[in-house]
Every structure is written in C-alpha cells, then in structure tokens.
Amino acid sequence: MKTFLTLLALALSMKSYAFSLNNTVSASYAQSEVTVNVADNCTNLGVSSSEILSMVNDGAAQFWNTVPTSRLRLRAGSVVSVDSKFYTEKICNSNSGSCEPNTNLTVGSNVLITCNGNTTDNFPASQRTVLAITIPNNISGTTIVGALVAINDRSDNVFQDKSRAQMVSIIAHELGHAVGLGHSPVTDSLMYYTLVPVRDSLGWDDIDGVTYLYPKEQPIGCGTISQVDTKSAGLAFLLILLSPLVWFQLRKLVARFLHSAS
Amino acid sequence: MKLIIKLICSAIILCCTTAHGMGLKDTYLGIGSYTSLPGKVQTDDSGDTNGIFDLEPYILAGIEYQLYQDWSAFAEAGLVKPGSGRDPRITKMNYFLLFSGAYNYMDWVFKLGAGLFYTRISSEGGTQSLNNGTTTTDFPMPDAAVVSQNIITTLGIEYYFHKEMSAKLEGHYFNLESSEGNALSYTLSVSYHFGNIFDSSSRKNRK
C-alpha cells in the first residue's frame, strides 16, 4: 500500500499539457458530412479547379477527417459553375471589427471555394499577401448552412508561388474557418494565422477545436453540439463510478434479508 | 406478500450467481499514464509530432467479476488529470468506462473489451486578440462545456508482480468500424488490489 501511495503522489505531481481553442463564430454545421465544391472561375492561381478539388480531398484526409473525437467529415464535391459576382464582388459589406457578409454571395449549402479578383475591396495591393478570405455567410441561429472560401486571384497573388503541400494546408486552413473555427495562437496548429515551415498534421488546438464544434456522439447522436450541464455530468460520472459498489452492497443486503426471512 | 418479495429477491440473486464460483472477485484502484494519439499530433512548426511516451497522469478504479474458472469480466473507470495552461480559461478532461472479458493465466491477465471514452472541453468565454491577415481580430472563445463520446475497443495485458499489485498496458482503439478517424491511445498503469471487499474471508487470489 505504501508503494502504491508513493506512485500516486508521483503521478499527481507530473506536468500536464495544455491547449487553447477559439472560434470565429459559435456555430457549426448540423450535418456531419460537409461537401466542398470548387468554382471554375480561377485564372491566376496556376492550378486548375479540378486540382484544387483534389487538394480539398487531400486536405480533408490529411487533416480534418483524422480526428477520432470529432464527427465532422469533409467531402470533396465537384467543380461547379457560379455567377460572375463571386469573382468580382466584395465578400463583406463592411469590415469594421467583424464581417457583414455580402448577401449576393450567400452560399446555399455546404462550402463553396471560389476565386475572387476584386482588388478594390477584398484584395487591394496592401492585402496582396492575403491568401484567402473565408466566412460562413449563411448562418441560421448557431447552425452554419453555407460558407464561402474566396481565394485571392490577383495576378500577383502569392498562392501560386506555394508548393502543392503548402496549397493543401492553406485550403485545409480555410476549410477550418468554413466549418466554424477561428485562428489559433500556437504555431503547431493548422489554424495558426500563417504558414509554418512544415505542416504534416493537426495540432492539439485544432483537434480540440473541431471536437468542441463537432463532438462525436457514439453510439447515437442527434447531430448538434451537445452542451452539457457540467454539474450533472460530474454527478453522473460519480454515480457510474460508484454503481458497482452500490450493486454489490444491495446484493449483500438482499442475501441477508433472505437468510433472515428463511 | 412475503413470498412474492422472496421470489423476486431470489430471482435477482439467481441472475447474478448462476454458477458455482461466480461473483465479485476483486476491487482495485490504480494510477498510471495515458498517452493520447501517439505520433499523430503536430507539436511544433517544424513538423515534429507528439511522442509515444507523452505521459498524462490518470487514476482508475475497477472491479473484477468471476465468470468461470480462469475467465472473468472487468468493469473499470478512468479519469485523466484535467489539463489547461496555454489559456487557463479552457479545460480539457478525458474519462472512460471500460468493460472487458479476461483470461487469467498464472500471474498474467489478458483482456479484450469495449468502452466509452469521453472528451470534455470547456471554457468560460471571452475573446482572444489574434493575427488575422494583415491586422488583428478578436476571436471569441468557447463559452460552454461540450462532451464528445466515443466507443473504443480495448486490448490489454496485466501482470501481477505482487499479490496485491499489478502493472497493466492497455490500448484504446477509436472508430474501429470506420476507415476514417482511426486512432490508438494507450495506458500504462499500476493497480492496488483489495480482493473482494465485501467478503473479509476471501483471500487475495494471485501470487
């Protein structure tokens, strides 16, 4: 017993790791599978729309679809034709603090990746290095219905200079915004605001963020974020922990009762 | 009336002890380390990942129920030490309930089972000012607690190095039924065994 208590004291003195989490909006898609379509309007990216769609597939498989504690699964959809306004119009009507979405560009469902060459409002010369603007622009309450990813398609955009692996991580980062995540303060996170030298997998912050917005609900789930009463959850866990002891005590009492009755 | 009560109680007892030797065999408490998703999580900007020995302290409590000869069933609960730090307003906690069948061979126990794994993430809200393009933006923080629930498959091996103590290695496999989101985590633990705490005449059964 003394050895056991010594080990207990050692364990409790060990350092535990930490994480942080943030959301651009406290909203998420109701469905677990979110389809990502790509518009066929890119001219300056140096890659075709079908290649971007292939990157969506790779980014989903390499990053977001790997999280065991999240129900979110991103699916590459198809290359689609969209109205020219998705290329020319501004993404936000106003951008003082938060973006007020341009309703002309509302995405009806899922995620749409489009190129945007608006060099007046979205990607002026001062924003040349901005790779993309992403906003869930169709939200009902706390449910995202549709989201828009607008890739900077200026002729001097910096997206075209990136390697394919970097493009995949850029698109995966933007898809993180599309499904409701904000930026992360830590460099090991895909949702860090800028590219890092090597990006091979998600960081803890990404995993915790997508788990928070899309918690796994096995064996059954109702498809929404399950916000819980923390006091009742703790009590329930304690009861489950103690239930075997209660069960065997009851058995013992019943046996005694039967013995005395006979 | 007395007869009905006796019949009901007899049925309950019968359900629980249908064969000779069945019943509570052991209760135990333990401590150990939980390693989550080893090698799968990026930990810096140069692409390094978490190690296979990333130790998070956890405590466990369980019971062993004798089934038949060398076969038994285990029910166990574990709680990983809650973590916070980069932002103290956020807390993450993992806990799990495991149910396994086991075969006892001398001082070894081989376990196979399933369980429920819970991940609880909570925060008190507020905002965080972070870089966003060429400016900074205040990003909202979570303002609620969310619990993710996974079914896991478990495989474990336990060794009794003392009549009252054992060491255990157990793997937790996530999403066995799916081709996506598969992951393996594992625990290393040491347990202290009390035997059948409801029967003072029972002796420790191993060593």
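Residues numbered from 1 in each chain as written. Chains lettered and ligands numbered in written order. Predicted model: local features only at pLDDT ≥ 70, side-chain atom pairs only at ≥ 80, totals over all residues.

Engineer: I keep staring at the confidence of the model for chain B and nothing clicks. Help me out?
Structural biologist: Interpretation of the predicted coordinates at a detailed level should be avoided for regions scoring low in pLDDT. All names here are of chain B. Per-residue confidence for chain B gives a mean pLDDT of 84; residues scoring 70 or more make up 83%. No element of chain B has a lower mean pLDDT than helix α1 (residues 2-16), at 44, and none a higher one than strand β9 (residues 165-174), at 97. Predicted as a complex, the structure gets a pTM of 0.81 and an ipTM equal to 0.85. (pLDDT = per-residue confidence, 0-100. Helix = DSSP H or I, 4+ residues; strand = E, 2+ residues; numbered from the N terminus.)

Engineer: Honestly, the nonpolar core in this entry has me stumped. Any pointers?
Structural biologist: Side chains that are nonpolar tend, in soluble globular proteins, to be buried together. Judged by nonpolar contacts, the single largest core of 75 residues is most densely connected at Trp64, Val111, Ile113, Leu148, Ile171 and Leu175 of chain A. No other element matches helix α4 (residues 164-178) of chain A, which puts 7 residues into this core. (Core = buried A, V, L, I, M, F, W, Y, C linked by C-beta atoms within 7 Å. Buried ≥ 20, exposed ≤ 12 C-beta atoms within 10 Å, placed from the backbone.)

Engineer: Is there a simple way to think about helix α2 (residues 49-62) of chain A in this case?
Structural biologist: In an α-helix, one full turn covers 3.6 residues, which means residues spaced three or four apart are oriented alike. Residue and element names in this part refer to chain A. With 14 residues, α2 extends 20 Å from end C-alpha to end C-alpha; this agrees with the ideal 20 Å at 1.5 Å per step. Among all positions of α2, only Ser49, Ile52, Leu53, Met55, Val56, Gly59 and Ala60 are buried. Angular distribution of buried residues about the axis of α2 spans 155°; they occupy a single face of the element. Looking at the buried residues of α2, the elements they touch are β2 (33-39), β3 (73-80), β6 (110-116) and α4. (Expected span 1.5 Å × (residues − 1). Arc of directions from axis to C-beta. Contact = placed C-beta atoms within 7 Å.)

Engineer: Explain the sheet that holds strand β10 (residues 183-195) of chain B to me, please; I cannot follow it from the model alone.
Structural biologist: As a general point, the strands of a sheet are linked pairwise by backbone hydrogen bonds and lie either parallel or antiparallel. One closed barrel accounts for 8 strands, arranged β1-β2-β3-β4-β5-β8-β9-β10 (chain B); its pairing is antiparallel. Pairs of neighbouring strands in the sheet enclose a mean axial angle of 25°, with direction left out of account. Alignment of strand β1 (residues 23-35) of chain B against strand β2 (residues 56-68) of chain B, held across 11 bridges, turns out to be antiparallel. When the bridges of β2 of chain B are listed, Tyr34 of chain B appears paired with Glu56 of chain B. This element, helix α5 (residues 204-213) of chain A, spans β4 (90-105), β5 (108-123) and β8 (145-162) of chain B of the sheet and lies at about 80° to β5 of chain B. (Pairing = 2+ DSSP bridges. Axes fitted to C-alpha atoms, helices over the stretch in contact; angles between N-to-C directions.)

Engineer: I keep staring at unusual backbone geometry and nothing clicks. Help me out?
Structural biologist: Peptide bonds are, in most cases, trans, and in most cases residues other than glycine have a negative phi. Residue and element names in this part refer to chain B. Backbone geometry at Leu37 places phi at a positive 45°, although glycine is not the residue there. One can find Leu37 in the loop between β1 and β2. By C-beta crowding, Leu37 is classed as buried, having 21 other C-beta atoms within 10 Å. Residues other than glycine seldom take positive phi values, yet Asn175 does so here, at roughly 55°. Note on placement: Asn175 falls in the loop between β9 and β10.

Engineer: Would you mind showing me how to read the pairing of strand β6 (residues 127-132) of chain B here?
Structural biologist: Residues and elements named next belong to chain B. Two elements, β6 and strand β7 (residues 135-140), share 6 bridges in a ladder whose sense is antiparallel. Considered in β7, the bridge of Asn131 is made with Thr136. Counting the residues in the hairpin turn of β6 and β7 gives 2 residues, including Gly133, whose phi is positive at 70°.

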